[in-house]
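Breakdown of the fold
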Amino acid sequence: QVQLVESGGGMVQAGGSLRISCAASGNIFSIGTMGWYHQAPGKQREWVADIRSGGSTNYAESVEGRFTISRDNAKKTVYLQMESLRPEDTGLYYCNVEITTRGETENDYLNQDYWGQGTQVTVSS
């Protein structure tokens, strides 16, 4: 059993900042890449940023220079620091985490991507 719990969403004025979090818990052996996705109202979910286990990061062009993704391995948590927010940033933000779980049998490992429940971010103009 693995669970991802998101928090930190809310309402902010354009140009403001917000930090959202995603904490993993459960039967976790290791965590690989952690990322964030954005789903604007009426649109498809799109990739925003990710951070590898070694700390390297990648960003979508639309958020480059404004958002910062980070992780705290001890807390099994990934963060997205959002700055200079725009109305088009409004929508649901989902975390996606690559997690390896371990079964009772030796060498019984399974790597899967897990999704958070989503947290709402609303940017007013």
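Refer to the structure presented above.
Structure report, in brief. (Residues numbered from 1 in each chain as written. Predicted model: local features only at pLDDT ≥ 70, side-chain atom pairs only at ≥ 80, totals over all residues. Heavy atoms only, no water.)

**A word on the state of the cysteines**
Counted only if it meets this: The disulfide criterion used throughout: a pair of cysteine sulfur atoms within 2.5 Å. Secondary structure elements follow DSSP: runs of H or I of four or more residues count as helices, runs of E of two or more count as strands, with numbering from the N terminus. Residue burial is assigned from relative accessible area. The probe radius is 1.4 Å, only protein chains are included, and a residue is buried under 20% of its type maximum, exposed over 50%, and partly exposed in between.
The tally for this structure, following the rule as stated, stands at one disulfide. Across the disulfide, Cys 22 is cross-linked to Cys 95 (sulfur-sulfur distance 2.0 Å). The sign of the 55 degrees torsion about the S-S bond sets the Cys 22-Cys 95 disulfide as right-handed. Placement of Cys 22 in strand S3 (residues 18-26) and of Cys 95 in strand S9 (residues 91-102) is noted, with a sequence separation of 73 residues between them. With respect to burial, Cys 22 and Cys 95 carry one shared label: buried.

**Focus on the pattern of salt bridges**
Inclusion rule: A pair is scored as a salt bridge if a Lys or Arg side-chain nitrogen falls within 4 Å of a carboxyl oxygen belonging to Asp or Glu.
The tally for this structure, following the rule as stated, stands at two salt bridges. Asp 50 is paired through a salt bridge with Arg 52; the nearest N and O atoms lie 3.7 Å apart.

**Concerning the layout of surface pockets**
Heads up, the rule is: Site definitions follow a grid-based scheme: protein atoms alone, a 1 Å grid, a 1.4 Å probe that fits but cannot get out for cavities, and for pockets an open set with protein on both sides within 12 Å along at least five of seven lines, plus lining residues having an atom within 4 Å of a point. Grid points are joined across faces, edges and corners, and a volume is the space filled by probe spheres set on the points.
Put simply, the largest pocket is a space of about 270 Å³. Every residue lining the largest pocket is counted, 17 residues in all, and those nearest its centre are His 38, Glu 46, Ser 62, Glu 88 and Asp 89. Among the elements of the structure, strand S4 (30-39) and strand S5 (45-51) are those that each provide at least two residues to the lining of the largest pocket. Counting residues per element, the lining of the largest pocket draws most heavily on S5, which supplies three residues.

**What about the sheet that holds strand S8 (residues 77-82)?**
Note on sheets: strands pair through backbone hydrogen bonds, and any given pair is parallel or antiparallel. The following threshold applies: Strand pairing follows a simple DSSP-based rule, namely that at least 2 bridges must link the two strands. Every angle, taken between N-to-C directions, lies between 0 and 180 degrees, and every axis is a line fitted to C-alpha atoms, over only the stretch in contact when it is a helix.
Read across the sheet, four strands follow the order S1-S3-S8-S7 without closing on themselves; strand pairing throughout is antiparallel. Edge positions in the sheet fall to strand S1 (2-7) and strand S7 (67-72), since each has one partner strand and no second. Averaged over neighbouring strand pairs, the angle between their axes works out to 15 degrees when direction is ignored. Pairing of S3 with S8, which is carried by six bridges, proceeds in the antiparallel orientation. Looking at the pairing, Ala 23 lines up with Thr 77 of S8.

**What to know about the pairing of strand S11 (residues 119-124)**
By the alternation rule, side chains of S11 split into Thr 119, Val 121 and Val 123, which are all buried, and Gln 120, Thr 122 and Ser 124, of which none is buried. One ladder, built from four bridges, connects strand S2 (residues 10-13) with S11; its direction is parallel. Directly across from Val 12, in S11, lies its bridge partner Val 123. Where S9 meets S11, three bridges bridge the pair, whose relative direction is antiparallel. When the sheet's bridge partners are listed, Leu 92 is paired in S11 with Gln 120.

**Quick look at the side chain of Asp 89**
Put simply, the rule reads: As used in this structure description, the phrase polar contact means that two N or O atoms lie within 3.5 Å; if the pair is within protein, one of them must be able to donate a hydrogen and the other to accept it, and residues adjacent in sequence are counted only when both atoms belong to side chains. In this description, contact between two residues means that some pair of their heavy atoms is separated by no more than 4.5 Å.
Checked against the element boundaries, Asp 89 lands in the loop between S8 and S9. A distance of 2.7 Å separates a polar side-chain atom of Asp 89 from the backbone nitrogen of Arg 86. Residues within four places of Asp 89 in sequence aside, it is in contact with His 38, Arg 66, Phe 67, Ser 84, Val 121 and Val 123.

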